[in-house]
Amino acid sequence: MSTGQHKQQSQKSYGVKGNKKRFLRSYQARRRLIFLGVSSVLLTMILYGRYTILGGGTDEIGTVARNFQQKVSLFPMASAMAASVEIGVDGNALPITDSILDEEEYVAEETVEDIAVKPVKSEEQKSNGAIPPWQYPLSKFPTLKYGTAWKAEKTAEYVRQALHAGFRHIDTACQPKHYNEAGVGIGWTTAAKELGLSREDVWIQTKFTSVSGQDPNRIPYDKDAVLEDQVLQSLKKSLENLRTDYLDSYVMHGPENTWEETLRVWSVMESFVERGFVGQIGVSNAWDVDFVKFLFERAQIKPAVVQQRFHADTKFEVEMRKFCEMYGIEFQSFWTLGANRHALHSQPVVELARKKELTVEELMYAYCLSIGITPLDGTTNDAHMALDMALLKRFKDGERIFDDEKELAIMTTALGIEDGGAVYQ
């Protein structure tokens with residue numbers, strides 16, 4: 001576990017324990033009659049939303065928030081909501097108008113504590129090749145996360161299919177321009193009800209996207225509000241869209257225009273961790289490794305995830321990945337397949353895939369997992385979902401897909417990654 005994750009873990013347990021200590025001191029200091037009245041008020045505030053955001057009074061978000069460690073879930077409510085909505089239909093989120101990427105093949109995606117082991121729940125889940133989430137801690141990485149960009153009105157159905165196939169990690173964003181976040185909420189709650197899963201069986205990550213990254217006609221918060229309020233409003237919208245009262249991971253979709261603004265956003269995100277709305281925080285589309293290093297140094301709560309493009313133009317983020325490995329930060333990749341088709345179709349890679357009895361796409365994911373990368377997997381094809389989950393199960397069970405460094409080097413060479421870019425995990 002990284003330094004940031006240890007810090008986050010300690011912060012999660014602070015709130016209720018701290019109030020209990022004050023409760024005891026109050027008991028000794030006041031008469032019994034006064035104590036009963038005061039403590040009743042305090043207890044009511046703690047249980048029903050005593051969450052002060054940004055130093056400004058009690059916020060209405062407290063009515064749906066819960067302490068992250070207590071794991072009090074609104075899942076029954078979410079399931080009931082999902083049951084009344086037809087899959088793929090969502091009146092709250094407009095469909096994406098941008099051109100859709102290839103839905104038949106693997107779509108190039110943009111973009112905390114360990115779960116206790118539970119028994120397999122059904123014979124159907126045993127036999128369909130899916131990875132039961134209770135076999136592997138959700139916080140352990142690398143893994144495969146289901147990416148939800150560019151899926152528009154089909155988002156809910158694809159997310160539902162992904163969970164049925166065995167995916168237990170979902171990545172999305174509060175950015176209607178490229179994501180249907182509300183569709184993700186419908187999809188995961190519908191699948192969870194069908195599969196008998198709880199909220200804690202599904203790992204959900206979304207993002208705050210600044211005004212510059214939004215469709216000006218569909219900004220999910222007040223664009224004229226101060227920056228801190230934009231972040232708060234975006235989080236509220238995400239919790240509503242995703243039908244949950246907490247997020248496992250919350251990511252800054254990209255740096256702001258200045259360091260001052262970037263750190264203001266990060267400070268608000270830190271407050272979400274402290275208040276129990278969010279398990280961890282991270283950043284996407286960082287300028288370079290120096291950006292990540294500076295943020296890491298300045299942050300009180302360290303980034304737990306860095307999400308970046310994985311292709312030649314970024315030199316496959318070799319230095320950034322080394323930094324992430326050093327500090328236990330999860331490196332998530334997008335454009336993992338779409339930006340590397342030339343390498344996947346090269347003769348050495350095709351031959352290696354044939355030897356391993358894998359598709360070239362599976363081989364690429366196996367390569368990423370083997371060197372510590374968590375790819376976003378956006379396939380919309382049921383068969384590919386099943387293949388990817390079967391591959392992940394092999395990896396999680398300890399199998400080495402590549403026999404040795406020589407086989408791994410075939411992929412490194414085909415991609416054009418400079419020496420030192422791949423370290424066999």
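Residues numbered from 1 in each chain as written. Predicted model: local features only at pLDDT ≥ 70, side-chain atom pairs only at ≥ 80, totals over all residues. Heavy atoms only, no water.

A. Spatial organisation of the nonpolar core. Ranked by size, the top nonpolar core spans 85 residues in total, and within it L163, Y250, F272, V278, F402 and M411 carry the most contacts. The dominant element in this core, judged by the number of residues it contributes, is helix α14 (residues 360–370), at 8 residues. When residues no more than four places from it in sequence are discounted, the contact partners of L163 are R168, I170, W188, A191, L195, L197 and V202. (Core = buried A, V, L, I, M, F, W, Y, C linked by side-chain atoms within 4.5 Å. Buried < 20%, exposed > 50% of the residue type's maximum accessible area, 1.4 Å probe, protein only. Helix = DSSP H or I, 4+ residues; strand = E, 2+ residues; numbered from the N terminus. Contact = heavy atoms within 4.5 Å.)

B. Main features of the packing of aromatic side chains. Evaluation of the coordinates by the stated rule reveals 14 aromatic pairs. Taking 4.6 Å as the distance between ring centres and 45° as the angle between the ring planes, the aromatic pair formed by F296 and Y327 counts as tilted. With F296 in helix α10 (residues 289–298) and Y327 in the loop between α11 (318–326) and β7 (330–334), this residue pair connects regions lying 31 residues apart in the sequence. Y327 sits in the partly exposed class, given a relative accessible area of 33%. An aromatic cluster is defined as three or more aromatic residues linked by ring pairs; in this entry it consists of W259, W287, F291 and F294. Its guanidinium or amino end placed over the ring of W203, K145 lies 4.4 Å from that ring's centre, counting from NZ or CZ. Across the ring face of Y246, the terminal group of R199 is positioned such that the distance to the ring centre comes to 4.0 Å. (Phe/Tyr/Trp six-rings, centres within 6.5 Å; stacked < 30°, edge-to-face > 60°. Lys NZ or Arg CZ within 6 Å of the ring centre and 35° of its normal.)

C. How the structure looks around unusual backbone geometry. The residue after F141, namely P142, is reached through a cis peptide bond having omega 5°. Relative to the elements of secondary structure, P142 occurs in the loop between α5 (123–127) and β1 (145–147). Look at F316: it is not a glycine, yet its phi comes out positive at around 55°. Tracing the sequence through the fold places F316 in the loop between β6 (305–309) and α11. For F316, a relative accessible area of 2% corresponds to the buried category. At E317, a residue that is not glycine, the phi angle is positive and equals roughly 50°. The residue E317 is located in the loop between β6 and α11 in this model. Note on E317: relative accessible area 10%, which makes it buried.

D. Structural detail: the sheet that holds strand β2 (residues 169–171). Spatially, the 8 strands close up into a barrel ordered β1-β2-β3-β4-β5-β6-β7-β8, and their pairing is parallel. Within the sheet, the average angular offset between the axes of one strand and its neighbour, ignoring direction, is 30°. Two strands pair when backbone bridges link them, and β7 and strand β8 (residues 373–377) are joined in this way by 3 bridges, in the parallel orientation. Bridge pairing links F331 to I373 in β8. (Pairing = 2+ DSSP bridges. Axes fitted to C-alpha atoms, helices over the stretch in contact; angles between N-to-C directions.)

E. Spatial organisation of the packing of helix α6 (residues 155–165) against helix α15 (residues 382–396). Contact pair α6 / α15: the axes reach a minimum separation of 9 Å and the direction vectors enclose 40°. Two packed elements cross with a definite hand, and for α6 against α15 that hand is right-handed. Contacts from Y158, Q161, A162 and A165 of α6 reach α15 at D382, M385, A386 and M389. A breakdown of the residues in the contact of α6 with α15 according to their chemical character gives 6 nonpolar, 1 polar and 1 charged. (Left-handed = near helix turned anticlockwise from the far one by under 90°. Nonpolar A, V, L, I, M, F, W, Y, C, P; charged D, E, K, R; others polar.)

F. Representation of helix α7 (residues 181–195) in the model. Here α7 spans 21 Å end to end across 15 residues, near enough to the 21 Å set by a 1.5 Å rise per residue. Burial within α7 is extensive, with 13 of its 15 residues counted as buried. Positive phi shows up at G196, right after α7, with a value of about 75°. (Expected span 1.5 Å × (residues − 1).)

G. A look at the packing of helix α9 (residues 259–275) against α10. Between α9 and α10, the least distance of the axes is 12 Å, while the angle of their chain directions is 55°. By the criterion of interaxial angle, the relationship of α9 to α10 is oblique. Considering how the two elements wind past one another, α9 and α10 form a crossing that is right-handed. In this structure, α9 contributes W259, T262, L263 and W266 to the contact, and α10 contributes F291, F294, L295 and R298. Broken down by class, the residue content of the contact of α9 with α10 amounts to 6 nonpolar, 1 polar and 1 charged. (Parallel < 35°, antiparallel > 145°, perpendicular 65-115°, else oblique.)

H. Examining the pattern of salt bridges more closely. Scanning the entire structure with this criterion turns up 17 salt bridges. A salt bridge links R199 to D248; the nearest nitrogen and oxygen atoms lie 3.0 Å apart. Remark: D248 occurs in the loop between α8 (227–242) and β4 (249–252) and R199 occurs in the loop between α7 and β3 (203–208); sequence separation between them is 49 residues. The residues R199 and D248 share a single accessibility class, namely buried. E228 is the salt-bridge partner of R264, the closest N and O atoms lying 2.8 Å from each other. Of this pair, R264 sits in helix α9 while E228 sits in helix α8; the two residues are 36 residues apart in sequence, bridging distant segments of the chain. Judged by relative accessible area, R264 falls into the partly exposed class, the value being 26%. Put simply, K355, K356, D403 and E407 are held in one network by salt bridges that share partners. (Salt bridge = Lys/Arg side-chain N within 4 Å of Asp/Glu carboxyl O.)

I. Quick look at the environment of V211. Within the fold, V211 resides in the loop between β3 and α8. Note on V211: relative accessible area 32%, which makes it partly exposed. Other than its neighbours up to four places away in sequence, V211 contacts I219, Y221, K223 and Q230.

J. Just the environment of K393, in detail. Relative to the assigned elements, K393 resides in helix α15. Note on K393: relative accessible area 29%, which makes it partly exposed. Expressed as a C-alpha distance, the spacing of K393 and T143, which sit 250 residues apart in the sequence, is 9.7 Å.

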